[in-house]
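For reference, the chains in residue letters:
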Amino acid sequence: MFRSLIITCMCLIASVSFAQENTLFDHDDDIERWLKSNNVPTLGLGIIKQGQLQQIRVFGEFEPGKSAPYNTIFNVASLAKPVTAMVALKLVSAGKWNLNEPLFNYWTDPDVAQDSRSKLLTTRHVLSHQSGFPNWRYMNESNKLDFKFSPGEQYHYSGEGMEYLRKALENKFDKTLNELANELIFVPLAMTDTQFVFNSSIDSSRVIQGYDNQGKAYETHQHQSANAADDLLTTIEDYGRFLVSVLNGGGLSAEVYKDMNSHQVASTKGKHFGLGFEIYDFEQGDYALSHGGADRGVQTIVFIFPKTKDGLLIFTNVDDGYKVYETLLLHYLGKKGQQIMQIEMSE
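For the structure given in this document, a descriptive report is provided here.

Here is what the cut-offs are and how they apply
- Residues numbered from 1 in each chain as written.
- Predicted model: local features only at pLDDT ≥ 70, side-chain atom pairs only at ≥ 80, totals over all residues.
- Heavy atoms only, no water.
- Pairing = 2+ DSSP bridges.
- Helix = DSSP H or I, 4+ residues; strand = E, 2+ residues; numbered from the N terminus.
- Contact = heavy atoms within 4.5 Å.
- Axes fitted to C-alpha atoms, helices over the stretch in contact; angles between N-to-C directions.
- Core = buried A, V, L, I, M, F, W, Y, C linked by side-chain atoms within 4.5 Å.
- Buried < 20%, exposed > 50% of the residue type's maximum accessible area, 1.4 Å probe, protein only.
- Lys, Arg positive; Asp, Glu negative; His and termini not counted.
- Salt bridge = Lys/Arg side-chain N within 4 Å of Asp/Glu carboxyl O.
- Polar contact = N/O pair within 3.5 Å; in protein donor to acceptor, adjacent residues only side chain to side chain.
- Parallel < 35°, antiparallel > 145°, perpendicular 65-115°, else oblique.
- Left-handed = near helix turned anticlockwise from the far one by under 90°.
- Nonpolar A, V, L, I, M, F, W, Y, C, P; charged D, E, K, R; others polar.

1. Some words on the sheet that holds strand β10 (residues 298–305)
Then, in step 1: Read across the sheet, nine strands follow the order β3-β2-β1-β11-β10-β9-β8-β7-β6 without closing on themselves; strand pairing throughout is antiparallel. Edge positions in the sheet fall to β3 (66–67) and β6 (265–266), since each of these pairs with one other strand and no more.
Then, in step 2: With three bridges joining them, strand β7 (residues 271–273) and strand β8 (residues 278–281) adopt antiparallel strand pairing. Bridging from a neighbouring strand, histidine 272 pairs with isoleucine 279 of β8.
Then, in step 3: Set on the sheet, helix α3 (residues 28–37) makes contact with β1 (42–49) and β2 (52–63); between it and β2 the angle comes to about 55°.

Here you go:
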């Protein structure tokens, strides 16, 4: 997914030397002008160093004529998936859930109830995107869920898999995903501006609109039910706290944390999926965990480096916000940013 965005990005970014890019980040006014020249209304940045969230920066406008506050609430689309993954992995670490138990024991979607493959699907398959499901059932002509292959046979990115897991968890624990996330993640980490749904905990006056690449605002949909794969509402500070927690072990057992960081399946060249995060492998055994989010008026991506405990968060609120990724990766991640770009551009 990210590779295709980067290829497009390479065609769109203005030609500018790396030295000029470095100079750009010396002055906030220059960054604001750079964003306007790229038609990016708002940019949120989080910088993690040595296991601490060191910088929170939000640039651009919240709405025409109004600067975006540091605690702007973004819809971060598929950055919901790592949170759902950590909910499940925390339950595994606590001995309350089993990575390899068939989800069939807790939930079966009516669309696949007669397919014997439904009895094979596990949490491990879902979190590593080996469920066998399409990304979304609406992509099928029938609008029904089906298996494209048996669980565990290969990689295929799927939001449906995460939703399947949500329903199994909710049935098992008799709690909504949002309640489980509050109990296990949001409250313990003081993520006071993060929810899977619009509710009284969300200050709707700070939720930023998304825009298309012509500058037209999308209507903000105040969803009342959780989607395990999409539409998480959060701030740079809150999601930064979440990633710092992941870097510091996430409250997981050593065995589960190692499993989360281990190659489960090859995704594209140079990358694998672990449990909940995609893994970029670098030189000398170094690696990054990453995930992105893309939706109407949303382009987000994060990278964290477990060995050095560093990281970078990038949130934008426009269809083609990915066009600023390269400049930001090279500036903030240096050599590792170059290696990410090399992996994305490799055939």
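From this point, things continue past the structure.
2. Remarks on the nonpolar core
When a protein is soluble and globular, its nonpolar side chains tend to lie buried together.
Then, in step 1: In terms of nonpolar packing, the biggest core is built from 65 residues, with Leu127, Phe196, Tyr239 and Met260 touching the most fellow members.
Then, in step 2: The element that contributes the greatest number of residues to this core is helix α4 (residues 80–93), accounting for nine residues.
Then, in step 3: Excluding residues within four positions of it along the chain, methionine 260 makes contact with Met86, Leu89, Val246, Leu252, Gly274, Leu275, Phe277 and Leu289.
Then, in step 4: Counting residues in each nonpolar core, the second largest holds 30 residues, with Val40, Leu43, Phe59 and Leu330 among its members.

3. Details of the side chain of aspartate 212
Then, in step 1: Here aspartate 212 lies in the loop between α7 (177–186) and β5 (233–234).
Then, in step 2: No salt bridge forms around the buried aspartate 212; measuring N to O, its nearest opposite-charge neighbour lysine 216 is 6.0 Å away.
Then, in step 3: A polar contact of 2.8 Å, which involves the side chain of aspartate 212, links it to the backbone nitrogen of glutamine 214.
Then, in step 4: From its side chain, aspartate 212 meets the backbone nitrogen of glycine 215 in a polar contact 3.0 Å long.

4. A look at the packing of α4 against helix α8 (residues 236–247)
Then, in step 1: For the pair α4 and α8, interaxial distance at closest approach is 12 Å and the crossing angle is 45°. Overall, the two elements α4 and α8 adopt an arrangement that is oblique. You can see that α4 and α8 cross each other, and the crossing is left-handed. Contact residues: Pro82, Val83 and Met86 in α4; Tyr239, Phe242 and Val246 in α8.
Then, in step 2: Here the contact of α4 with α8 is built from residues that sort into six nonpolar, no polar and no charged.

5. Some points on the environment of glycine 95
Then, in step 1: Among the structural elements, glycine 95 can be located in the loop between α4 and α5 (123–127).
Then, in step 2: Using a relative accessible area of 65% as the deciding quantity, one classes glycine 95 as exposed.

6. Structural notes on the pairing of β2
Then, in step 1: As defined by bridge partners, β1 adjoins β2 across eight bridges and the pair is classed as antiparallel. By the bridge assignment for β2, threonine 42 is matched with glycine 60.
Then, in step 2: Counting the residues between successive antiparallel strands, the hairpin from β1 to β2 contains two residues, one of them, glutamine 50, with a positive phi of roughly 50°.
Then, in step 3: As defined by bridge partners, β2 adjoins β3 across two bridges and the pair is classed as antiparallel. If you follow glutamate 63 over to β3, its bridge partner there is lysine 66.

7. Some details on unusual backbone geometry
Then, in step 1: Even without a glycine there, the phi angle at glutamine 50 is positive, about 50°.
Then, in step 2: Counting through the fold element by element, glutamine 50 comes out in the loop between β1 and β2.
Then, in step 3: A relative accessible area of 68% places glutamine 50 in the exposed class.
Then, in step 4: One non-glycine residue, glutamine 284, adopts positive backbone phi at about 55°.
Then, in step 5: On the accessibility criterion, glutamine 284 (82% relative accessible area) is exposed.

8. Overview of the pattern of salt bridges
Then, in step 1: Under the counting rule described, the total for this entry stands at 19 salt bridges.
Then, in step 2: Its salt-bridge partner being arginine 117, residue aspartate 115 comes within 2.9 Å of it at the nearest N-O pair.
Then, in step 3: Residues aspartate 193 and arginine 206 are paired through a salt bridge, measuring 2.9 Å at the closest nitrogen-oxygen approach. Here aspartate 193, found in the loop between α7 and β5, pairs with arginine 206, found in the loop between α7 and β5; they are 13 residues apart in sequence, far enough to count as distant. Accessibility assignment for this pair places aspartate 193 and arginine 206 in one class, buried.

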